[in-house]
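Structural features, examined
So you can see what is in the structure, the chains are spelled out below.
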Amino acid sequence: MWVPRFVCPECRTDLVETGAEQFACAACSRRFDRRGGLWRFLTDTRGARLEPFVRQYRIVRQREGRRPAAPDYYRRLPSVAPGDPHARDWQVRRETYHHLLGHVLAAGELQLRVLDLGAGSAWLSHRLAALGHHAVAVDAIDDEVDGLGASRHYATPFTAVQADFDALPFAAGQFDLVVFNGSLHYAADIAATLERAYGVLAPGGTLVVMDSPMFRADRDGSAMVGSARQHLIGECGCADVVQPGEGYLTFARLDGVADKLALRAQFVPSRGPLGWRVRRSMARIRLRRAPAAFGLWVAQ
Ligand SMILES: C[S@@+](CC[C@H](N)C(=O)[O-])C[C@H]1O[C@@H](n2cnc3c(N)ncnc32)[C@H](O)[C@@H]1O
């Protein structure tokens, strides 16, 4: 299994090996190790900052019926059984996954070094490892249902790293592909997070954003965030809603980052099943705003 070269996530200094699967930062003396199958690079301070979001995230996933227990469920993703309550969402996710295979991976070398940021249960890393790529899954959560702890369900070889995607513990220039899979909209400063992630790409590498809600206009994105907030209060019973990041992306913001980094960007939309499209068109009338677009944004 390929393990990338680690640096201190806080001061980006090289690490010194202090034991089997144990490192210390040569500059700030922080210590990092591998426990329960995960490399642990989430510092106490960052963990404490993310804690309210993680608590809320678990409640919401539970209420929405998104915390399945069967190992087979994880191994099949992005496919789910036809009767799955979230089958339509997963149909869109599957479409985007196929865009990734067709537009990014089909043309490339056989074994890419892929960084899967906001990996959740790491289904994408599992899929890419099964295709022979060197995958590294990063998430702040080590939960065995929604987080990297679910990696125990896969027999494929990939490296799982608990870390904040705003403090990546990787030396620069090591990955051929960096993917935010349904996760970039959780960033507090989307452009800054994307630019930092670009720093760990090797020259000529590809930056991908998959399945975050995308809008042309900020007012539609903030209206969606407002509705999501009402859902958290009303249906999920969250009294103090935690808003970890911007909550949506705009094409202009992503393309602005691509321009700054001198990358060429394109968006490949996922259209979803007919029923999903119809519901979205009706929502446009009811909510008087554009629905979010989902799909694959690629910059290279
Ligand atoms: C909607 S889930 C998507 C999970 C997975 N990629 C998938 O497609 O099912 C978003 C993920 O982003 C992670 N996340 C949010 N903010 C993060 C941060 N600052 N650092 C690392 N992971 C983060 C969450 O813990 C969560 O697992």
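Above this text is the structure in question.
The model shown is predicted, which means the values in this text are computed figures rather than measured ones.

1. Describing the packing of aromatic side chains
Throughout the structure, instances matching the rule amount to 19 aromatic pairs. Judged by centre distance (5.8 Å) and plane angle (40°), the rings of Phe-23 and Trp-39 are tilted. Here Trp-39 lies in strand E4 (residues 38-40) and Phe-23 lies in strand E2 (residues 22-25), a separation of 16 residues in the sequence. For Phe-23, a relative accessible area of 17% corresponds to the buried category. Judged by centre distance (4.8 Å) and plane angle (25°), the ring pair of Phe-32 and Phe-41 falls under stacked. Accessibility classification places Phe-32 together with Phe-41 in one group, the buried group. Counting every residue linked through ring pairs, the aromatic cluster contains Trp-2, Phe-6, Phe-23, Phe-32, Trp-39, Phe-41, Phe-170 and Phe-175. Taking the ring centre of Phe-251 as reference, the NZ or CZ of Arg-216 above it sits at 4.3 Å.

2. Describing the pairing of strand E8 (residues 175-181)
By the criterion of burial, E8 is predominantly enclosed, with 7 of the 7 residues buried. Both strand E5 (residues 113-117) and E8 contribute to a ladder of 4 bridges, which runs parallel. Across the sheet, residue Asp-116 finds its bridge partner in E8, namely Val-179. Taken together, E8, helix H5 (residues 190-198) and strand E9 (residues 201-210) constitute a β-α-β crossover, and its handedness is right-handed.

3. Description of the site of the ligand
What surrounds the ligand is a group of 17 residues, the closest being Arg-93, Gly-118, Asp-139, Phe-165 and Asn-181. The separation between a nitrogen atom of the ligand and a polar side-chain atom of Asp-164 is 2.9 Å. Protein coverage of the free-state accessible area of the ligand, which is 590 Å², stands at 93%. Of the residues in the shell around the ligand, the class split is 9 nonpolar, 5 polar and 3 charged.

4. Brief notes about the side chain of His-185
As for its placement among the helices and strands, His-185 is situated in the loop between E8 and H5. On the basis of relative accessibility, which here comes to 12%, the residue His-185 falls in the buried class. Of note is the side chain of His-185, whose polar atom sits 2.7 Å from the side chain of Ser-212. Ignoring sequence-local partners within four residues, the contact set of His-185 consists of Ile-190, Ser-212, Pro-213, Gly-245, Glu-246, Gly-247, Tyr-248 and Leu-249.

5. What to know about the sheet that holds strand E1 (residues 15-19)
Ordered in space as E1-E2-E3-E4-E7-E6-E5-E8-E9-E13-E12, the 11 strands form an open sheet in which the pairing is mixed. Among the strands making up the open sheet, the edge pair consists of E1 and strand E12 (265-270). Recorded for the sheet is a direction-independent mean angle of 20° between the axes of neighbouring strands. Pairing geometry for E2 and strand E3 (residues 31-35), over 3 bridges, is antiparallel. Within E3, the residue paired with Ala-24 across the bridge is Arg-31. Sheet strands in contact with helix H3 (residues 87-105) are E8, E9, E12 and strand E13 (294-299), and its direction is about 145° off that of E12.

Scoring rules and cut-offs
Residues numbered from 1 in each chain as written. Predicted model: local features only at pLDDT ≥ 70, side-chain atom pairs only at ≥ 80, totals over all residues. Heavy atoms only, no water. Phe/Tyr/Trp six-rings, centres within 6.5 Å; stacked < 30°, edge-to-face > 60°. Helix = DSSP H or I, 4+ residues; strand = E, 2+ residues; numbered from the N terminus. Buried < 20%, exposed > 50% of the residue type's maximum accessible area, 1.4 Å probe, protein only. Lys NZ or Arg CZ within 6 Å of the ring centre and 35° of its normal. Pairing = 2+ DSSP bridges. Right-handed = clockwise from strand over helix to strand, strands pointing away. Near = heavy atom within 4 Å. Polar contact = N/O pair within 3.5 Å; in protein donor to acceptor, adjacent residues only side chain to side chain. Areas by Shrake-Rupley, 256 points an atom, 1.4 Å probe, with all protein chains shown as cover. Nonpolar A, V, L, I, M, F, W, Y, C, P; charged D, E, K, R; others polar. Contact = heavy atoms within 4.5 Å. Axes fitted to C-alpha atoms, helices over the stretch in contact; angles between N-to-C directions.

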